[in-house]
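What follows is the residue order along each chain.
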Amino acid sequence: MIETTQDVGRKELPLKIKRDTIFELNTNLKEVNNMYEYIEGKAMWANVSTPNTKFEPHKYGIVVLTDEDTANRLEGVGLSQVRTRDGQPKYDEPAFSFSRKVEKHDGTTNSAPKLLDSEGNDMDVSVGNGSQVTVKIKPYTGKYGTFAELIAVKVSNLIEYSEGSSDDNEEF
């Protein structure tokens, strides 16, 4: 082993210590950048297989109603609950919104988040409000705050969404 030193501020540290410190810092950064969170709750307004194209930018997304403990954990990561325009909680239960843009910043297309059944098999259905889900997200901090990219949704109790049929309005 070569014994060398480098000037670090006003202290001289052996190069080996500096290398170990840099390796440790890089390892910690990777852990932070690859941190996933799993949230259980009820699905609302799910657009998992097909993106919402009503607004720009087009996004895959889901709102999850969850419990107080999970809400505290997510707020501890820096995520905010879904609120009305006047700052009040939008739902009776704590709710968080997660999304993934259809198009990346470089113009390439993002794949849809994975949609899985309780056994881990791929699904291609429209998830309806009230479905029991576990959502996998990856929190990140951007220019305007902390958000979470939607990675996958596992459905444990599906309430399949179906658009109202023309029979619904017969009495009008």
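Not measured: the values here are computed from a predicted model.

Colleague: Before we go on, may I ask you to explain a negative patch on the surface in this structure?
Modeller: The grouping of E40, D67, E68, D69 and E75 at the surface amounts to a negative patch. Per element, the largest residue contribution to the negative patch is 3 residues, and it comes from helix 2 (residues 68-77). Position of D69 among the secondary structure elements: in helix 2. Under the relative-accessibility criterion, D69 is labelled exposed at 64%.

Colleague: Looking at this structure, I do not really get the pairing of strand 8 (residues 145-157). What am I missing?
Modeller: Along any regular strand the residues' side chains alternate between the sheet's two faces. Alignment of strand 6 (residues 114-116) against strand 8, held across 3 bridges, turns out to be parallel. Bridged to L115 within strand 8 is V153. Bridge count between strand 7 (residues 132-142) and strand 8: 11 bridges; the pairing is antiparallel. Its bridge partner lying in strand 8, Q132 is registered against N157. Between strand 7 and strand 8, which pair antiparallel one after the other, the connecting turn spans 2 residues.

Colleague: Whenever I open this one, the environment of G78 confuses me. Can you help?
Modeller: One can find G78 in the loop between helix 2 and strand 5 (95-101). The sequence separation of G78 and G145 amounts to 67 residues, and the corresponding C-alpha distance is 7.9 Å.

Colleague: Where do I start with the nonpolar core in this structure?
Modeller: The tendency in soluble globular proteins is for nonpolar side chains to be buried as a group. Core analysis: the biggest nonpolar cluster contains 21 residues, and I62, F98, V133, V135, I137 and V153 have the highest contact counts within it. Elements that contribute at least two residues to this core include exactly strand 3 (37-52), strand 4 (59-65), helix 2, strand 5, strand 7 and strand 8. Among residues more than four places away in sequence, those in contact with F98 are I39, Y60, G61, I62, V64, L74, L79, V135, I137, A148 and L150. The next biggest cluster of nonpolar side chains, apart from the first, holds 6 residues, and it includes V63, V82, Y91 and A95.

Colleague: What is the right way to read the packing of aromatic side chains from this model?
Modeller: Two numbers describe a pair of aromatic rings. These are the distance of the centres and the angle of the planes. Under the criterion given, the structure shown has 1 aromatic pair. Measuring from centroid to centroid gives 6.1 Å for Y140 and F147, while their planes differ by 40°, and the two rings are tilted. In this structure Y140 comes out as partly exposed when scored by relative accessible area, which is 43%. Between K136 and the ring centre of Y36, over which it is positioned, the NZ or CZ distance is 4.4 Å.

Colleague: What am I meant to see in the pattern of salt bridges here?
Modeller: A complete count under the given rule lists 3 salt bridges for this structure. With its nearest N and O atoms 2.3 Å apart, the salt bridge here joins R73 to E37. Pair noted here: R73 is in helix 2 and E37 is in strand 3, with a separation of 36 residues, a long-range link. Note on E37: relative accessible area 11%, which makes it buried. A salt bridge links E93 to K42; the shortest N-O distance between them is 3.1 Å. Note that E93 is positioned in the loop between helix 2 and strand 5 and K42 in strand 3, a separation of 51 residues in sequence. On the basis of relative accessible area, K42 is assigned to the partly exposed category, the value being 29%.

Calculation rules
Residues numbered from 1 in each chain as written. Predicted model: local features only at pLDDT ≥ 70, side-chain atom pairs only at ≥ 80, totals over all residues. Heavy atoms only, no water. Patch = residues over 30% accessible without salt bridge, like charges linked within 9 Å, V, L, I, M, F, W, Y side chains within 5 Å. Areas by Shrake-Rupley, 256 points an atom, 1.4 Å probe, with all protein chains shown as cover. Salt bridge = Lys/Arg side-chain N within 4 Å of Asp/Glu carboxyl O. Lys, Arg positive; Asp, Glu negative; His and termini not counted. Charge placed at Lys NZ, Arg CZ, Asp CG, Glu CD. Helix = DSSP H or I, 4+ residues; strand = E, 2+ residues; numbered from the N terminus. Buried < 20%, exposed > 50% of the residue type's maximum accessible area, 1.4 Å probe, protein only. Pairing = 2+ DSSP bridges. Core = buried A, V, L, I, M, F, W, Y, C linked by side-chain atoms within 4.5 Å. Contact = heavy atoms within 4.5 Å. Phe/Tyr/Trp six-rings, centres within 6.5 Å; stacked < 30°, edge-to-face > 60°. Lys NZ or Arg CZ within 6 Å of the ring centre and 35° of its normal.

Interpretation in functional terms is not warranted from these geometric data alone.
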